[in-house]
Structures are given as C-alpha cells and as structure tokens.
Amino acid sequence: DGASCSSRLSLLVEVFQPKPLLVVFGGGHVGCALVPVLAAVGFRVTMYDNREELAKPERYPAADEVIFGSFADISGKVTLTADDYTVVMTPGHQADYEILTQVLRSESTYIGCIGSRSKVAKTRERLRADGFTEAEIDRVHAPIGLPILAETPEEIAISIAAEMIEHRARR
C-alpha cells in the first residue's frame, strides 16, 4: 500500500572490566597508606609482607587479600599476569632486589620500586650485573610516583597512585 514501516533500535552497551590486581610488597608506613588510596581508585589490592606482625588483614581493611610469605620466593603465593601491577617497598635493599628479580620475569604491566636515586642506581647496576637487559630494567618505575615533592607516607601514596592511574589510562 505504499506506507513504510520502519523501526529503530537503540542499544546501550556497557563493558565491565574487572579491576586490575595490584600486589604491594611491603606493608610499612607507605604501604599501609597506599592500600586504601588504590582501592578507592579501582584496584584490587593484595598486600604481601614477610613480617607476620604486619601481614594481618585488620591492618589493611581496604585490601582484598593479605599474604604472609617469604620475599625470596613469591611464586607459591602470587602469580602475576600482563594485567597486574606491582609495587615494591620492602624494608630493605636485599628484599627489594629479591622481589624485583622475580617480578621482572613476569609480564606485570607496571612495576614500581620505592627508593632514593642512589638506591635505585645501585639496584639497576645489580640487576644489570645479574643479566637483566636495559629494556627489562627500564620497566621498573623507580623512584616510584610522580614528582610532586611528597614527604609524608600519605603524600607518597598519592604520588604513587597518580602514576599508576596514568599508566592504567594510557594502556
């Protein structure tokens, strides 16, 4: 009869991405301040510490998981994928190094390590001496965080979170 019938369908699609996993190695003052900040901006946070007195869920109420384990071998407790983020902030140079050597063998999208410029230079030198390539070593954000002249654990946590938010957004 010449009349046309048309219909229009609108469809809204909302993609739900799982929150990225972040493993924080070291539950000292900065680690403790970092957990709630990163949980608030969309990360699933796992706290991992080798000190039993610090590896307690009640210390990190915003964490999804708290792990007590050795820094020398994290493989039995943590598996890192290309979508995961890691932050290394243990109480000592040796423990930081132990974690970094393991994390650098993973595909973790973000690896950050806290420390002074001299500590970072020494760590880079040691990694190089142990056979890591410059490209592998350059994956480590160190010193960690954006340069906002942060001083307190809370300020440092914000600078680290800002760097991680930027990394996530650029992916």
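Reference entry: report on the structure contained in this document. (Residues numbered from 1 in each chain as written. Predicted model: local features only at pLDDT ≥ 70, side-chain atom pairs only at ≥ 80, totals over all residues. Heavy atoms only, no water.)

Turning our attention to the pattern of salt bridges. Here the structure, examined in full by the defined rule, presents 7 salt bridges. One salt bridge connects D83 with R171, and the closest N-O pair in it is separated by 3.4 Å. Of this pair, D83 sits in the loop between β3 (65-68) and β4 (85-88) while R171 sits in the segment after α5 (153-170), and the two are 88 residues apart along the sequence. Judged by relative accessible area, which is 46%, D83 ranks as partly exposed. Here D138 makes a salt bridge to R124, at a shortest N to O gap of 2.7 Å. (Salt bridge = Lys/Arg side-chain N within 4 Å of Asp/Glu carboxyl O. Helix = DSSP H or I, 4+ residues; strand = E, 2+ residues; numbered from the N terminus. Buried < 20%, exposed > 50% of the residue type's maximum accessible area, 1.4 Å probe, protein only.)

The subject of this paragraph is the nonpolar core. Counting 25 residues, the largest nonpolar core has L22, L34, L38, V87, I160 and M164 as its most contacted members. For this core, the secondary-structure elements that each account for two or more residues are β1 (21-25), α1 (29-40), β2 (44-49), β4 and α5. What M164 contacts, discounting residues up to four positions off in sequence, is L22, L38, F43, Y85, V87 and Y110. Within the second largest apolar cluster, 22 residues are counted, among which are I67, Y97, V103 and F132. (Core = buried A, V, L, I, M, F, W, Y, C linked by side-chain atoms within 4.5 Å. Contact = heavy atoms within 4.5 Å.)

Once that is clear, we can look at α5. An α-helical segment advances 3.6 residues per turn. Residues three or four places apart therefore align on the same side. Compared with an ideal rise of 1.5 Å per residue, which puts 18 residues at 26 Å, α5 spans 26 Å between its outermost C-alpha atoms and is within 8% of the ideal. Turning to α5, its buried residues are I156, A157, S159, I160, A161, E163, M164 and H167. In this structure, the buried side of α5 is in contact with β1, α1, β4, β5 (110-113) and β6 (140-141). (Expected span 1.5 Å × (residues − 1).)

By the definition in use, this model includes 4 aromatic pairs. Between F43 and Y85, the ring centres sit 5.1 Å apart and the planes meet at 80°, which makes this aromatic pair edge-to-face. Of this pair, F43 sits in the loop between α1 and β2 while Y85 sits in strand β4; the two residues are 42 residues apart in sequence, bridging distant segments of the chain. The pair F43 / Y85 is uniform in exposure class, with both members buried. (Phe/Tyr/Trp six-rings, centres within 6.5 Å; stacked < 30°, edge-to-face > 60°.)

In this fold, A39 is placed in helix α1. The sequence separation of A39 and S106 amounts to 67 residues, and the corresponding C-alpha distance is 23 Å. Filtering out sequence-adjacent residues up to four positions away, A39 remains in contact with V45 and A62.

Remember, this is a structural readout, not a statement about activity or role.
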